[in-house]
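Here's the letter readout for the chains.
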Amino acid sequence: MTITELLESQASRLGDKPFILLEDRTYTYAELRENAARIAANLRKRGLGPGDKIVLLMSNCLEFVYVFLGAGRIGAVAVPVNPTLKPDEIAIISANSDAETLITIPEFIPLLPKLRELAPHLRRIFVLSGEADGAEPFSALLEPVDEIPPIVATARDDAALIYTSGTTGLPKGVILTHNNYIWNARMVKARIDMGPTDRLFCVLPLFHVNAQVTSILAPMMAGADLFLMQKFNPFHILPLIEKYRATVMSAVPTIYNIICRMP
């Protein structure tokens with residue numbers, strides 16, 4: 001199974017069941033499938049296909065989820081990148097990954113001229129909102145299409161290229177196939193006995209593989225739903241868990257340490 005096939009299967013089965021809760025609005029399995037498919041189709045119109053890399057320079061948002069889940073439809077490969085990196089660091093990653101497409105947040109617009117200078121190979125740039133010279137709005141990728149392309153990726157094809165933190169040298173790209181992701185999600189789901197009544201609390205950044213597997217793919221596989229925290233604030237975690245009745249959370253020791261020291 002591929003990531004996109006998992007989405008297709010669960011959307012066909014669960015349809016209008018909520019999958020993501022964000023700012024007091026819910027987004028269903030069917031909505032995710034529709035938007036992920038539209039993005040794949042519109043990217044294909046712009047020349048993207050199997051093996052093409054897409055740099056996802058985004059914080060936690062629906063647009064990240066749409067691209068991550070839908071890229072496999074056209075065989076494209078996601079390259080999630082920390083949006084707080086500097087233009088020279090992003091240029092190194094995009095060049096090393098052979099990426100020609102970048103999707104980013106409006107906060108990064110002032111840095112785009114510098115990035116273009118350092119990374120002329122980035123021929124297509126999309127911004128989630130706002131205007132930037134030479135960039136298209138992300139909304140163009142959500143426009144209705146006449147035909148949804150078939151899923152071309154296979155389970156053994158690359159799904160993402162994840163880069164290391166680069167603390168001892170330049171970041172190194174680690175290839176993850178669709179199989180890698182699906183089996184990781186299966187193990188997480190089985191280990192914690194996740195089911196359709198569970199609600200995940202996604203506190204980690206989506207550019208991190210932990211959040212991709214544990215907070216997105218595992219609950220999708222279980223038919224569960226999730227609350228997506230857009231901006232990390234340790235003081236908001238406990239009130240949000242209480243408000244949204246989350247049953248599962250995956251985090252890192254620093255976050256748990258902060259929580260344990262709260263009254």
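Residues numbered from 1 in each chain as written. Predicted model: local features only at pLDDT ≥ 70, side-chain atom pairs only at ≥ 80, totals over all residues. Heavy atoms only, no water.

S.K.: Is there a simple way to think about helix H6 (residues 178-191) in this case?
M.R.: Residue pairs three or four apart in sequence face the same way in an α-helix, which turns once every 3.6 residues. Taking 1.5 Å per residue, 14 residues should reach 20 Å; H6 reaches 20 Å between its end C-alpha atoms and fits that length. Of the surrounding secondary structure, the elements contacted by the buried residues of H6 are helix H1 (3-14), helix H3 (62-70), strand E8 (158-163), strand E9 (173-177) and helix H7 (209-222). Backbone geometry just after H6 places Asp193 at a positive phi near 55°. (Helix = DSSP H or I, 4+ residues; strand = E, 2+ residues; numbered from the N terminus. Expected span 1.5 Å × (residues − 1). Contact = heavy atoms within 4.5 Å.)

S.K.: I would appreciate a short explanation of the packing of H1 against H7 in the present structure.
M.R.: Relative orientation and spacing of two packed helices are given, respectively, by the angle between their axes and the distance between those axes. Look at H1 against H7: their axes get within 10 Å of each other, and the N-to-C directions meet at 40°. The pairing of H1 with H7 is recorded here as oblique in orientation. Handedness of the crossing formed by H1 with H7: left-handed. Across the interface between the two elements, Ile3, Leu6, Leu7 and Gln10 from H1 touch Leu217, Met220 and Met221 from H7. (Axes fitted to C-alpha atoms, helices over the stretch in contact; angles between N-to-C directions. Parallel < 35°, antiparallel > 145°, perpendicular 65-115°, else oblique. Left-handed = near helix turned anticlockwise from the far one by under 90°.)

S.K.: Can you help me understand unusual backbone geometry in this one?
M.R.: What you tend to see is this: most non-glycine residues have negative phi, and most peptide bonds are trans. Look at Glu23: it is not a glycine, yet its phi comes out positive at around 50°. Take Glu23: it is sitting in the loop between strand E1 (18-22) and strand E2 (25-28). In this structure, Asp98 is a non-glycine residue whose phi angle is positive, near 65°. In this fold, Asp98 is placed in the loop between helix H4 (87-96) and strand E5 (101-104).

S.K.: Even after reading the chapter, I still don't get the sheet that holds E2, so can you show me in this structure?
M.R.: By definition, the strands of a sheet pair up through backbone hydrogen bonds, in either a parallel or an antiparallel sense. Strand order in the open sheet made by the five strands is E2-E1-E11-E10-E12, with mixed pairing throughout. Each having just a single partner strand, E2 and strand E12 (248-250) make up the two edges of the open sheet. Direction aside, neighbouring strands of the sheet carry axes that sit 25° apart on average. As defined by bridge partners, strand E10 (residues 199-202) adjoins E12 across three bridges and the pair is classed as parallel. Bridging from a neighbouring strand, Leu200 pairs with Val248 of E12. Here H3 sits on the sheet in contact with E1, E2 and strand E11 (225-228), set at roughly 150° to E1. Together, E1, E10, E11 and E12 form the strand contacts of helix H8 (residues 237-244), whose direction differs from that of E10 by roughly 160°. (Pairing = 2+ DSSP bridges.)

S.K.: Mind showing me how you'd approach the layout of surface pockets here?
M.R.: In this structure, the largest pocket occupies an estimated 970 Å³ of space. Along the wall of the largest pocket there are 41 residues; nearest its centre are Val81, Asn82, Pro83, Thr84 and Phe207. Looking at the lining of the largest pocket element by element, the count peaks at three residues for H4. The class makeup of the residues in the lining of the largest pocket is 27 nonpolar, 11 polar and three charged. Approximately 230 Å³ is the volume found for the second largest pocket. (1 Å grid on protein atoms, 1.4 Å probe; cavity = no way out; pocket = protein on both sides within 12 Å on 5 of 7 lines; lining within 4 Å. Points joined across faces, edges and corners; volume = space filled by probe spheres on them. Nonpolar A, V, L, I, M, F, W, Y, C, P; charged D, E, K, R; others polar.)

These figures come from the coordinates and say nothing about function on their own.
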